[in-house]
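Below, each chain spelled out in residue letters.
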Amino acid sequence: MKNIVLKLLAFMMLFAFSTAAVASEHQAAVATDAAVSTHQEETYHTKPLGEMISGFLKSTGVVALVHPDPDELNSKGEKMSDFHKGIGRVIMILVVFLLFWLAIAKGFEPLLLLPIAFGGLLANIPVAGIAGEHGFLGVIYHMGLSNEMFPIIIFMGVGAMTDFGPLLSNPKTALLGGAAQFGIFGTLVGAVVLAQMGFVDFTLKQASAISIIGGADGPTSIFIATKLSPELLGAIAVASYSYMAMVPIIQPPIMKALTSEKERKIKMTTLRHVSRLEKLVFPLLVLVLAILVLPESTPLIGAFMFGNFLKESGVVERLNDTLQNALINITTIFLGLGVGSKLAADQFLVPETMFIMALGIVAFGVGTAAGVIMAKIMNLFPGHKINPLIGSAGVSAVPMAARVSNKVGMEYDRTNMLLMHAMGPNVAGVIGSAVAAGVLISLFQ
């Protein structure tokens, strides 16, 4: 028995020594590999001070603009022309500062214009690659714009801030919102005709995506561009949000040209009271109709009505407050920077973008004019008169278009408050642009 115990102890000691030896050899091998790896990673070589200064100067943005790198790639990994790498960036930086001036000095939709403009400034900084696939603007763009997430969230927030009372109290103003969508379909036809004549080279899907700019609804424009023409998403988004921000510049001349001073002074009757039950039923009714008739529009309309239903329910104030403030503000920052990333010179200063901007302004102008003309036509029939100025609010730039209608009206009569009346066609325009997007997607996708 004693011999057995001694043999067992001897075996255990031998096993322990063997294990320790193997571990020691392994640690030595790891240490050797680490030493070799560290040695291999050491690639820096000392340079003379003059060479270091010269290398630093060559890496500055000034040199990159004056003597651009011939091998520099854009955010898509494609080679850029010398124009886009040099003078093109300077032009876009000047455009960005113009947008800053419009937002700060003129107050043109600063919540949108400032993030977009600053994103455009960052996108045109040479060397840094901020708008590239791995730059933070590129990450923001792919995180919420290319997959439609940001437009959906924006629609939730807009729904939470929307009051359907003015529309429900005077339902016929919905016709003004519908008429304003004529700009979308009119521009679609115009773009197709130009393509047939050889002036532009847009496909039917691309023309459809461009025409939605006439609705002056940025989230809807992004949504339909993602579905029908993702290659034009950046230019369409920039055009749509730029025109939304410039509503106070674009609309008043059209409104004044199509109305007389007498028409601009028309005072509308007081709105009737809308019950809480009506406000609760309306978003559900609109959503059900969208599901039954036009399912393609339900992502946008569903998000819009969801936000509004939370607001009108009156029992989830915390969620309503989050949608109206924190969530939509955060999303607006990211969306603006993401859209601004497409203001890079190589993407914006191209013929296609110029055509998109031109067609977009035509669409927006036609939509504004159609709303005003519809109001004038409605005044030919018996009943309460409508101030034609509120017809321009049929485009869905909420609430800027309604404010412009009110502002122009007060220029001719300081006591003529049109804001609440203009909100009727304004919110109808939001629904109308979403429906128009659904129609185009269902027809051409």
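Located above this text is the structure these notes cover.
Once a new chain begins, its residue numbering starts again from 1 and follows that chain's sequence as written. Under the rules for a predicted model, residues below a pLDDT of 70 receive no local features and side-chain atom pairs below 80 are neither given nor counted, while totals for whole chains, interfaces and linings still include all residues. The basis for every side-chain value is the complete set of non-hydrogen atoms in the structure, without hydrogens or water.

Student: Explain the overall build of the chain to me, please; I cannot follow it from the model alone.
Tutor: Tallying secondary structure elements over the chain gives 23 helices and 0 strands in all. Counting all 445 residues of the chain, 49% fall into the buried class. When checking whether two residues touch, look at their non-hydrogen atoms; a contact exists if any pair is within 4.5 Å. Contacts spanning at least 24 positions in sequence make up 74% of the contacts within the chain whose residues lie at least 6 apart. Surface exposure of the chain reaches about 22100 Å², of which carbon and sulfur atoms provide 70%. Runs of E in the DSSP output that reach at least two residues are strands. Runs of H or I that reach at least four are helices, and both are numbered from the N terminus. A simple rule labels every residue: compare its accessible area, found with a 1.4 Å probe on the protein chains alone, to the largest value its type can have, and call it buried under 20%, exposed over 50%, or partly exposed in between. Only the protein chains shown count as cover for residues, with accessible areas throughout obtained via the Shrake-Rupley method and a probe of 1.4 Å.

Student: Hey, could you run me through helix H6 (residues 110-123) in this one?
Tutor: Residue pairs spaced three or four apart in an α-helix point in one direction, given the helix's 3.6 residues per turn. Helix span is expected to be 1.5 Å times the residue number reduced by one. Between the first and last C-alpha of H6 there are 19 Å, a value that for 14 residues agrees with the 20 Å anticipated at 1.5 Å per step. Summarising burial for H6: 10 of the 14 residues are buried, a large majority. Taken together, the buried positions of H6 are Leu-112, Leu-113, Pro-115, Ile-116, Ala-117, Gly-119, Gly-120, Leu-121, Leu-122 and Ala-123. At its buried positions, H6 is contacted by helix H5 (87-104), helix H7 (136-144), helix H14 (233-245) and helix H19 (317-340).

Student: Can you help me understand the nonpolar core in this one?
Tutor: One broad trend across soluble globular proteins is that nonpolar side chains are buried collectively. The nonpolar core is taken to be a set of buried Ala, Val, Leu, Ile, Met, Phe, Trp, Tyr and Cys residues, with the residues joined through side-chain atoms within 4.5 Å. Ranked by internal contacts, the top residues of the largest apolar core, which has 109 residues, are Phe-164, Val-339 and Ile-356. Residue contributions to this core peak at 11 residues, all from helix H23 (residues 419-444). Not counting residues within four places of it along the chain, the set of residues in contact with Phe-164 comprises Phe-282, Phe-304, Met-305, Asn-308, Val-427 and Ile-431.

Student: Can you help me understand the packing of aromatic side chains in this one?
Tutor: Think of a pair of aromatic rings as described by two things: how far the centres are apart, and how the planes are tilted against each other in angle. To pair, rings of Phe, Tyr and Trp, with the six-membered ring standing in for Trp, must have centres within 6.5 Å; the planes then decide the type, stacked if under 30 degrees apart, edge-to-face if over 60, and tilted in the middle. Counted under the stated rule, the structure contains 6 aromatic pairs. Ring centres of Phe-100 and Phe-118 lie 6.1 Å apart, and the angle between their planes is 50°; this geometry places the pair in the tilted category. On the criterion of sequence distance, the pair formed by Phe-100 in helix H5 and Phe-118 in helix H6 is long-range, its members being 18 residues apart. For Phe-100, a relative accessible area of 13% puts it in the buried group. Ring centres of Phe-150 and Phe-334 lie 6.3 Å apart, and the angle between their planes is 15°; on these two criteria the pair is classed as stacked. Placement of the pair is Phe-150 in helix H8 (residues 149-161) and Phe-334 in helix H19, with a sequence separation of 184 residues. Classification of Phe-150 as buried rests on a relative accessible area of 6%.

Student: Looking at this structure, how should I read the packing of H8 against H19?
Tutor: How two helices sit against one another is set out by the angle between their axes and by the gap between those axes. Following both chains from N to C, one finds H8 and H19 inclined at 145°, their axes separated by 8 Å at the closest point. Here the hand of the crossing between H8 and H19 comes out left-handed. Touching Phe-150, Pro-151, Ile-153, Ile-154, Met-156, Gly-157, Val-158, Ala-160 and Met-161 of H8 are Asn-320, Leu-323, Gln-324, Leu-327, Ile-328, Thr-331, Thr-332, Phe-334 and Leu-335, all from H19. Classes in brief: Ala, Val, Leu, Ile, Met, Phe, Trp, Tyr, Cys and Pro nonpolar; Asp, Glu, Lys and Arg charged; the others, Gly included, polar. Taken together, the residues that form the contact of H8 with H19 break down as 13 nonpolar, 5 polar and no charged. Between the N-to-C directions of two axes lies an angle of 0 to 180 degrees, each axis being a line fitted to C-alpha atoms and, for a helix, fitted only over the stretch in contact. By definition, turning the near helix anticlockwise from the far helix through less than a right angle yields a left-handed crossing, and turning it clockwise yields a right-handed one.

Student: I keep staring at the side chain of Glu-312 and nothing clicks. Help me out?
Tutor: For Glu-312, the position within the fold is in helix H18 (residues 298-313). The class of Glu-312 is buried, set by a relative accessible area of 10%. Pairs of N or O atoms are called polar contacts if they sit within 3.5 Å, as long as, within protein, a hydrogen donor faces a hydrogen acceptor (for residues adjacent in sequence, only side-chain-to-side-chain pairs). Looking at Glu-312, its side chain comes within polar contact range of the side chain of Lys-311, at 3.0 Å. Not counting residues within four places of it along the chain, the set of residues in contact with Glu-312 comprises Thr-162, Asp-163, Arg-276, Lys-279 and Leu-280.

Student: Teacher, can you tell me more about unusual backbone geometry here?
Tutor: For residues that are not glycine, phi is negative in most cases, and the peptide bond is trans in most cases. Note that the residue after Val-398, namely Pro-399, is joined by a cis bond; omega there is -10°. Looking at the secondary structure, you find Pro-399 in the loop between helix H21 (351-378) and helix H22 (400-412). Although it is not a glycine, Glu-148 adopts a positive phi angle of roughly 75°. Among the structural elements, Glu-148 can be located in the loop between H7 and H8. In this structure Glu-148 comes out as buried when scored by relative accessible area, which is 16%.

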